[in-house]
Each structure stands twice: as C-alpha cells, then as structure tokens.
Amino acid sequence: MNLMVIADLAQTISMASLIFLRSIRKTNKLLPFTYPISNINTYFLSSLCHQTDPPPLPSSQPPPVAKKVPFKVSAHGVSWEDSYHWMSNTNDPDFLKHLHHENAYSEAFMADTRNLQQNLFSEMICRLPGQISTPPERWGPWLYYQYIPEEKEYPILCRKLAIENTNWVKRVVNYATIRSSNEQILLDWNEIAKEHGYVHVGTCRVSPDHNFLAYTIDVTGEEHFLLQVKDLQSGTLIPSLRVENVVSLAWAQDSHTLFYTLCDQSQRPYRVHYTTLGSDHVSDVMVYTENDPSFCVDITSTKDGKFITVYIIDANNPQDGLQKVHTRVSGVQFFLEHHKGFFYILTNASQKELFDTNYYLARCHVKDIHLANWQKIIIPSKGSGIQDMDIFDEHIVLYLNKKDSPVIFSIKMPIQSNDEKEMGIDDLDPWYFPFPSNSCSVLPGSNHDFMNSVYRVVLSSPVMPDLIVDYDMSRRTFSIVHQEEVLGISSNEEHEWLNVSETYCCERKEVISHDGTLIPLTILYSHKTHKRGESCGILHGYGSYGEVLDKSWCSERLSLLDRGWVVAFADVRGGGGDVSWHKRGSGMNKLNSIYDFVSCGEYLLKEGYVCKNQLGAIGHSAGGFLVAAAINMNPELFRSAILKVPFVDVCNTLLDPSLPLTLLDYEEFGNPQKEFDFNLIMKYSPYDNIRRGVCYPSMLVTSSLHDSRVGVWEGVKYVSRVRETTCANCSRLVILKTNMSGGHFGEGGRFGHCEEMAYEYAFLMKVMGQFS
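Predicted model, so just to flag it, every value in this text is computed and none were measured.

Right, let's get into the pairing of strand E32 (residues 518-526). On a regular strand, each side chain points to the face opposite its neighbour's, so the side chains alternate between the two faces of the sheet. Most of E32 is tucked away, with 8 of its 9 residues classed as buried. By the bridge criterion, 9 bridges tie strand E31 (residues 504-512) to E32 in an arrangement that is antiparallel. By the bridge assignment for E32, Cys506 is matched with Leu524. Count of turn residues in the E31/E32 antiparallel hairpin: 5 residues, of which Gly516 carries a positive phi of about 90 degrees. Taken together, the 4 bridges between E32 and strand E34 (residues 566-570) define a ladder with antiparallel strand orientation. The residue of E34 that forms the bridge with Ile523 is Ala568.

Below, the structure is given as structure tokens:
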C-alpha cells in the first residue's frame, strides 16, 4: 500500500473516493530491440494474417491516415525519423481535424455494438443501489459522511451533530436512513459539474475548529486545481481567497492559518505558502521553495494537529519557520507522526539490519529531531515490511506486508521499548486485525479523530463487495459497519463477511518469469460459465511507481464473468509490494515488468484458463505502456488490447524536460539524456519498437485532449504508426477514441463510469467474436 497515498487518504474527510472512485497513473512497456524500425526485420504478412475471421468493419469508412511531416530526432549520435512529431502541437488545426476523423471512425466501427453497449450498461446500472452513502465517521462533535443522490453522478459531502447514546451510526445502510433536519451540506460535486460541465475535487480539509472547509477543484480536466475556502457557519465562500495551481493543504491549530503547495509550469509542487484568514483581509506568505526540479513538495499535518510536515512547522506557532528533519539522501523517505513529545518516524534510511531497504519505525524527542540519533523501535523481520502507520492518543496502527498479504495491527501507546535493542512486533503485545481470508486490498477510512479508539478500514477483493469495518483497539473487537450493496448478492446480516466465492472463483498463482522470479497472478472466473480451454480472457497490468494493482471489487466486471470470461491481474515487478519489488521493475530493471506480464499471459494460455487467440490485455496510463511493450515483445500472445491514456512515446517524452512530470519520471524509467539510460529506453519504448508488417492485436486506444499527465498526442502517434507499420488487415481493427473535454481521469461519475465500461466490454466482445 502506497505510503504517500495512505497519508493523504487518512487526512481526507471523503470516503466515497475510497469506495466508488479509483485513480490511476502513468504506465510504460518494453521490447527487446536496440533501436526502432531500422533494426527490425520486415515482414509482409497480409496473406498470413491471423485475422481469418475478422469482425465486421465499417463498410464505407477506411481508417484515417494521418499526415506525415519530416522531423529528425537525434541523441547520443543516433538519429531517427519521427514523422508524427507535429502532433505534439495540439493547437494545429490539422491535429484537431484528425482527432475528429479518428472519433468518427471509432463510432462507425462500434455502430453495430450499440444494442450490446446498452444491454451491458443496463446490467451494470441494475446492480447499483438507487442511493449510495458512506457510513458517518465521527470527528469531534460532528459526524461526517457522503452520499450520492438517486439519479445523480457525484457525491455530496455532509455532516450533522453527533447524538450520544444512539446506535444508528453503526446501522447506516443508505442515504434515506441518515438524512435529517440538521444535516449540513458542505460540498456538492453535482452543483460544480452542473456549472462547469466537469469536476474533479482534489483535496478537502476541514479546519480543526470545524468552521472552515478548504478544498481544491479542477473544472477543465487539466489538473490545474483552484483553492477555495468555505465558511461553514455562513455557508459562503471567502471571495478574497482563490488560489490557482494548488495541490496539498494543511491547517494550523488556530484554524485561521492555512498552508498550501503551489505547482510550477511543469506541474511540480515546489513551493509552500500559508495564508491567514482575517475578518477584513487575507494575507499570504511564502515559507519554502524547492529549487531542485527532481523533487516535489508535499505538506500534511500530524494526526494530533500539532505539527505541519514539509520539513517541520509548529502548528501552534507557524510563523517560527521550518526545521529540517534529516539531510536529504536519494531514495530515502521519512514519514512523521507526533505523540506526546515524541516524533514517530517511518523511514527506509539504510540500516544493516534491514532486508531490501524496507521501512522501519524509529522515534525521538521533538527537540532532538535534527540530531538524527533516533531510537529504532521496530525492525521488520525478513520477508515482511512496514508499509504505513497511523497514530492515535492511545494506539498506533501499523500496516505490514507479509508474503504479499496485508496485515494490520495496533499497539498500545506509548510504546514501552527496550533502549538496548530493537523490539520484535510480537514483543509489543500487538492486536492483529481479523480479516476475511479472501481480502486482497485494505484501504483506511479518514480516521481523522486523534482521540478515537476505533480504526476504520475498507476491505475488498475480486469476490467480496467493499466492506467497511470498525476495529475497536481498546476492546479488541470489530464490527461490520456497512457492505456495498449489489443487487442479488448482498446481505443485511450483521457480523458476516459476505462474498460471492460460491459463484465466482478467485485463484492466486505464482508464475515463473524469464529470470526465475515468481510473479503473483490473480485469476477470476465464474464456476458456472467458465469453460476450461475455451473461454476468453483479459489480463490487467500496471507495474510502475510502486503502485499496487487495483484488484478490489468491481460489480461491472460481473458482465464479463457471467459470459464465461476470465479476468486476471498480473502483479509485475515495478508495482506495489515491498520496496525491492518496485526497484526490481524500475529504472535499469524496467524490462522485468514487461517480461513478467508476458509470462503471466503465456501461463493463462498454457494452463487452459483462456483459449489460444482469445486473450486480451488492458492497461491504464503507465499500465498502457506495459501492455503496449508486451505486444511489441510478443504480438501473437494477445488477440485484443485496451490502452487507456497510455504512456507509449516514452523516449520522446523523456527527452523533453519542459513537459509536465518528465523530470519526476527519470527515477522510474531512466533519463535518456544519459547514454546508458537512452540505450535501455530505446529497447522498450512502445512507440519506437512497433514491428513492421507483423500482425498486431485489435486495439482500443483512448486519449484525452486536456490530459496533463500523458500528452494527448502519445496515443494518437501510436495509433498512426501502428496503422502505417503493422499488418494492414489487423491495423484496421485499431481504433482511437479521444475525449475532447476531459483530462487524464476522464469525466463522469457512477453512470459515466458504467457507460465507459460498457463501451470497452463491447469492443472486447466484438473483436473476440463473442457478441451476446
């Protein structure tokens, strides 16, 4: 579980994002050729095309042909032609015209699936409850919760004053149960979307006195977030406080001083400011600037609210300035919490006792933080690593990854440690939280109340609808608060881990990769409809930034499973797990991610889970890189692929440091301005390794005009080169669909998500010959 993600979620009031909305990042893919095009053997295979029974094509509309403009790229004494470079100028009228032609071709290509799309959409919608809500969480005198009204796309953030001695909080199932006359609406996503046509709420922070709500919104899709502050007593926005390009937020103890980070032109958070809300004016002060373009700045507050961490700022005396935690060391991170005069520090600073530079827990007196002479509290045993922590007045909660399975436990505070040696976890009388046996993912609730003794989590797996559980750390008991309702399979019985494993099978396998490494593969299928050796299948992958591949519950997925499909998830190197798993699939090891993905695809066919020539692949952003690189490596493995806003033009993008996020991607993919890195990147960059004359899978490639993470031109260039270079018959089955108004994460709420999924599934069924 990603430390940065959890740290942010733990500070956020919103729970709906945990259950309904899941975000994705950039991804990559590779191929074992030294240089593009010129060094690849040429084949003219139209007579050998594997599309012996191709799906219907638009009768009167050929695929668009993009214009070519000569442009030479050179690096380290190597030159090559990129005739689609002109597409990076998104203001070129010819580029916009080409996007419209591609969208028209996609519409014509998918015209005969409209009824199928509607049927799939109806199935998905029918599984959703009319009204969706999250159980309230107490923070101080208030109960905070969200709900999505019937027929609405987006959530509404609300609160109401807590009523003592009632048990209704634990029994909330839907919105109708919790609405009452004293409900206060804090933020309505639907109203913002109605006004602007698009909404992406970035961060929400309620002030310690509960009188102000600071939040950031993007209304264009370009992820340029606007900071606004709402006075919750009057219900009005503070008109003088509107700041552009804000990322993270943190309140000081006085509830009038608000810290925030600003982005530079490349969208790197680099500067910290604070503003003081006054009755007559708003002041603004800059407190820190990060001048190194390879680093970002993030801010948050400790759980007890007494410190702001960027370096360290005393939240009671924010004007006193910054205090450094530790000398900067490449690859070393520190996550701080405060508890009664001590800092508890989760860090991966090198220690000879550690295995694979995993994280361990240390502590020191607040006054000694600059000495870095910290007492090590818990060193993880071999085969496990601490991944995150949360802290309360009487307990600390630690996330442990043990043999690729999540473990969470609490320890009573303050920790009574032995000054002479590090303590083992079991020496500290931990309480291990009970989990259902099939739980694949664990996400924290907001857990914002430092004085609470109850810790809330969201549990989920491919065969278990999202389950919200409260763990009482003082009594060492747990209660099931709520489980996502799914038509036909949900249960209202208390104290029951509801799953659908009797209907759907979820298997975990280990696949041997090219170098003997065992790669976790999760395989999902229906007991009733799956036919061994005959079924279609889809393989999901991501494999970058140390992010865990999302394998949580998805009711839309049932539309594939009920038709006999296999859905599989490859946890390739470069993705989540421990620190070493990420390092073994990033930088100079990036090729491992691609080999791992190919090995998992081959396993599904070899073991009969999926029929030969019936395997598809799907990747989002950096996952699109992974899938595209795997196709270059073994194009015959896949019959179809979906590349969603894919990062495929890796070398050209990383050679341009002016593009957003490029400098930050050097650690993940390498810096092509260095000759060694350049040679490696050119082996796997998907756009640069498309194989001439070879049969490629049918593909749905998506892009977004206002995408600030992966340029819209990347997918467009990729499709144009696939059409130009590969088998002419197969390339007619490649379509590009561009969102002309949204950004990297698309647009739309729960209904929009279902509509998108129905389109993608209909594409897969069409090109696999599985209309139903």
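This part covers the environment of Ala250. With respect to the helices and strands, the residue Ala250 is situated in strand E12 (residues 246-251). By relative accessible area, Ala250 is classed as buried at 1%. Each C-alpha atom of the pair Ala250 and Thr302 lies 9.5 Å from the other, and the pair is 52 residues apart in sequence. Sequence-distant contacts of Ala250, that is, excluding residues within four places in its chain, are made with Thr257, Leu258, Phe259, Ile299, Thr300, Ser301 and Ile308.

Moving on, we come to the sheet that holds strand E11 (residues 236-244). On the basis of which strands lie adjacent, the open sheet formed by 4 strands has the order E8-E9-E10-E11 and antiparallel pairing. The sheet is open, and its two edges are formed by strand E8 (200-206) and E11, each paired on a single side. Here the average twist between neighbouring strands, direction ignored, is 20 degrees. Here strand E10 (residues 226-231) runs beside E11; their pairing, made up of 5 bridges, is antiparallel. Pairing of Leu227 across the sheet is with Val243, part of E11.

Time to look at the pattern of salt bridges. Counted under the stated rule, the structure contains 24 salt bridges. When the shortest N-O distance is used, the salt bridge between Asp112 and Lys766 registers 3.0 Å. Of the two residues, Asp112 is situated in the loop between helix H3 (93-109) and helix H4 (114-126) and Lys766 in helix H16 (residues 750-767); the sequence distance between them amounts to 654 residues. Classification of Lys766 as buried rests on a relative accessible area of 2%. For Lys644, the salt bridge is made with Glu760, and the minimal N-O distance between the two is 2.9 Å. Here Lys644 is found in strand E36 (residues 640-644), whereas its partner Glu760 is found in helix H16, with 116 residues between them in sequence. Judged on exposure class, the residue Lys644 and its partner Glu760 are both buried. Here the salt bridges do not stand alone but share partners, grouping Asp82, Asp649 and Lys717 into one network.

Below, the discussion takes up the packing of aromatic side chains. Using the criterion set out here, one finds 26 aromatic pairs in the structure. Look at Phe109 and Phe763: their rings are 6.2 Å apart centre to centre, the planes differ by 40 degrees, and that puts the pair in the tilted class. Remark: Phe763 occurs in helix H16 and Phe109 occurs in helix H3; sequence separation between them is 654 residues. Here Phe109 and Phe763 have matching classes, each one buried. With a centroid separation of 5.3 Å and 50 degrees between ring planes, the pair formed by Phe259 and Tyr274 is classed as tilted. Within this pair, whereas Phe259 is found in strand E13 (residues 257-263), its partner Tyr274 is found in strand E14 (residues 269-277), the two being separated by 15 residues in sequence. For the residue pair Phe259 and Tyr274, the accessibility class agrees, reading buried in each case. Linked through ring pairs, Phe392, Tyr399, Trp431, Phe433, Phe435, Tyr455, Tyr471 and Phe478 together constitute an aromatic cluster. When the ring centre of Trp86 is taken as origin, the NZ or CZ atom of Lys67, which lies over that ring, is 4.6 Å away.

A few words on the environment of Tyr718. By the element assignment, Tyr718 lies in helix H14 (residues 712-725). We classify Tyr718 as buried; its relative accessible area is 0%. Between the C-alpha atoms of Tyr718 and Pro686, which are 32 residues apart in sequence, the distance is 8.1 Å.

On to H16, then. For H16, built from 18 residues, the straight-helix expectation of 26 Å at 1.5 Å per residue is met to within 8% by its first-to-last C-alpha distance of 26 Å. Extensive coverage of H16 is indicated by the burial of 15 of its 18 residues. At the C-terminal side of H16, Gly769 shows a positive phi close to 70 degrees.

Here we come to the side chain of Glu183. Within the secondary structure layout, Glu183 lies in the loop between helix H5 (175-178) and strand E7 (184-188). When sequence neighbours within four positions are dropped, the list of residues in contact with Glu183 reads Tyr145, Tyr147, Cys158, Arg159 and Lys160.

Ranked by size, the top nonpolar core spans 116 residues in total, and within it Leu521, Phe597, Met699 and Tyr718 carry the most contacts. Top element by residues in this core is H16. It accounts for 10 residues. Core analysis: the next-biggest nonpolar cluster, separate from the first, contains 22 residues, Ile386, Phe409, Ile411 and Val579 among them.

Taking 1.5 Å as the rise per residue, H14 with 14 residues should run 20 Å; its terminal C-alpha atoms sit 21 Å apart, in good agreement. With 13 of its 14 residues buried, H14 lies for the most part within the structure.

We now examine the packing of helix H9 (residues 590-606) against helix H10 (residues 622-633). At a minimum axis separation of 9 Å, H9 and H10 run at an interaxial angle of 70 degrees. Judged by the inter-axis angle, H9 sits roughly perpendicular to H10. Here Lys590, Ser593, Ile594, Tyr595, Phe597 and Val598 of H9 come into contact with H10, specifically with Phe625, Leu626, Val627, Ala629, Ala630 and Met633. Taken together, the residues of the contact of H9 with H10 sort by class into 10 nonpolar, 1 polar and 1 charged.

Moving on, we come to the sheet that holds E34. Pairing in this open sheet of 8 strands is mixed, and the strands run E31-E32-E34-E33-E35-E36-E37-E38 from one edge to the other. This sheet does not close on itself; its edge strands, each paired only once, are E31 and strand E38 (734-739). Taken pair by pair, the neighbouring strands of this sheet meet at an average axis angle of 15 degrees, ignoring direction. Bridge count between strand E33 (residues 537-541) and E34: 5 bridges; the pairing is parallel. Bridge assignment links Ile538 to a residue of E34, and that residue is Val567. Contacts from H14 reach E36, strand E37 (698-704) and E38, with the element oriented near 165 degrees to E38.

A separate point is unusual backbone geometry. Note that the residue after Met413, namely Pro414, is joined by a cis bond; omega there is -5 degrees. Structurally, the position occupied by Pro414 is in the loop between strand E25 (405-412) and strand E26 (431-432). Located in the positive-phi region is Ser255, a residue other than glycine, with phi close to 65 degrees. With respect to the helices, strands and loops of the structure, Ser255 is situated in the loop between E12 and E13. With relative accessibility at 1%, the residue Ser255 sits in the buried group. Unlike most non-glycine residues, Gln267 shows phi in positive territory, near 65 degrees.

This part is about the confidence of the model for the chain. Here the chain averages 84 in pLDDT, while 86% of its residues score no lower than 70. Contacts for the low-pLDDT stretch residues 1-48, under 50 throughout, to residues beyond four places or in other chains number 191 contacts. Confidence drops under pLDDT 50 across residues 168-178; counting only partners more than four residues distant or on other chains, this segment forms 26 contacts.

With that settled, consider the pairing of strand E21 (residues 360-365). For E21, a buried count of 5 out of 6 residues is recorded, marking the element as mostly surrounded by other parts of the structure. Strand direction decides the pairing type here: strand E20 (residues 342-347) and E21, joined by 6 bridges, are antiparallel. Within the sheet, the bridge partner assigned to Phe342 lies in E21 and is His365. Across 3 bridges, the pairing between E21 and strand E22 (residues 375-378) is antiparallel. When the bridges of E22 are listed, Arg363 appears paired with Gln375.

Criteria and thresholds
Residues numbered from 1 in each chain as written. Predicted model: local features only at pLDDT ≥ 70, side-chain atom pairs only at ≥ 80, totals over all residues. Heavy atoms only, no water. Buried < 20%, exposed > 50% of the residue type's maximum accessible area, 1.4 Å probe, protein only. Helix = DSSP H or I, 4+ residues; strand = E, 2+ residues; numbered from the N terminus. Pairing = 2+ DSSP bridges. Contact = heavy atoms within 4.5 Å. Axes fitted to C-alpha atoms, helices over the stretch in contact; angles between N-to-C directions. Salt bridge = Lys/Arg side-chain N within 4 Å of Asp/Glu carboxyl O. Phe/Tyr/Trp six-rings, centres within 6.5 Å; stacked < 30°, edge-to-face > 60°. Lys NZ or Arg CZ within 6 Å of the ring centre and 35° of its normal. Expected span 1.5 Å × (residues − 1). Core = buried A, V, L, I, M, F, W, Y, C linked by side-chain atoms within 4.5 Å. Parallel < 35°, antiparallel > 145°, perpendicular 65-115°, else oblique. Nonpolar A, V, L, I, M, F, W, Y, C, P; charged D, E, K, R; others polar. pLDDT = per-residue confidence, 0-100.

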